[in-house]
Amino acid sequence: MLTAAAAASGCGPYDRRTIGRGRTRRAFRAVADVLPDADRRLRALAEAVVHDKGFFALHADPRSLLMYDYLFWLFTSADRVDSFERYVRTPPQHERSYALPDYELMIAFDLGSEPYGFRTGGYAPGFLEDWWSSRTASGHLVETTVGHRLTPAAVTTLLAELATLA
C-alpha cells in the first residue's frame, strides 16, 4: 500500500518483497574484497529504511544518509566521479546504459530493457544535493586525483555502520 508520505515524495510502493528480489549492481564485484556481503548489506539497509518509514524513500534522515554514503562508495568503487553532475547522470555525450552507471539508474529509474529491479521509482534531487554539500563541507567527501571519493576514515565509519545491520 502506498502511504500518503510516499505518494507525496513521488516514490513508488517498494516494500520488502522488492528489496529481497530486485537485482543489484556490478559495483558489488568491485568491493568484494572489502565487503564480500555488500549485496546483503544494501538489502539490510533498505529493509531498515522500510521498517522506519513504512516505505522505501531516501530523504535527510540518518538511514537515508547512510544509504547515500553507501551508494556513493559503491559507485566510486566501480567508476570515476568528476563532479556532482557526473554522479547524478551519465554525461550527455554517452548513451544511457548500465555500462556507465549513474545515480538515477542505480536507485531511481530504469531502462526498460535492463531494469535493476531494486529502485525507488524516483528521487528527490534536493536531498541528494544536500548530502553532497554536507559531506564535502565536513571533509568526508573529497576530490582526489581519481575523482571524488569518500575519505578512508569515512569509508571505515560507513563499514562499521553497515556491520550493525547484520
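Residues numbered from 1 in each chain as written. Predicted model: local features only at pLDDT ≥ 70, side-chain atom pairs only at ≥ 80, totals over all residues. Heavy atoms only, no water.

S.K.: Give a description of the packing of helix 4 (residues 38-53) against helix 5 (residues 62-78) that names residues and reports values.
M.R.: Following both chains from N to C, one finds helix 4 and helix 5 inclined at 155°, their axes separated by 10 Å at the closest point. The angle between the axes of helix 4 and helix 5 places the two elements in the roughly antiparallel class. Of the two elements, helix 4 crosses helix 5, and the hand of that crossing is left-handed. Between helix 4 and helix 5, the contacting residues are A38, D39, R41, L42, L45, A46, A48, V49, D52 and K53 on the first element and R63, S64, L66, M67, Y70 and L71 on the second. Tallied by class, residues from the contact of helix 4 with helix 5 come to 10 nonpolar, one polar and five charged. (Axes fitted to C-alpha atoms, helices over the stretch in contact; angles between N-to-C directions. Helix = DSSP H or I, 4+ residues; strand = E, 2+ residues; numbered from the N terminus. Parallel < 35°, antiparallel > 145°, perpendicular 65-115°, else oblique. Left-handed = near helix turned anticlockwise from the far one by under 90°. Contact = heavy atoms within 4.5 Å. Nonpolar A, V, L, I, M, F, W, Y, C, P; charged D, E, K, R; others polar.)

S.K.: Can you tell me about the pattern of salt bridges, naming the residues and giving the values?
M.R.: Taken as a whole and judged by the stated rule, the model has seven salt bridges. The salt bridge partner of R41 is D37, with a shortest N-O separation of 2.9 Å. Like D37, R41 is buried. A salt bridge links R43 to D39; its shortest N-O distance comes to 2.7 Å. One end of the pair, R43, and the other, D39, are both in helix 4, four residues apart, so they sit about a helical turn from each other. Residue class for D39 comes out partly exposed when judged on its relative accessible area of 28%. Several salt bridges share partner residues, and in doing so they unite D37, R40 and R41 into one network. (Salt bridge = Lys/Arg side-chain N within 4 Å of Asp/Glu carboxyl O. Buried < 20%, exposed > 50% of the residue type's maximum accessible area, 1.4 Å probe, protein only.)

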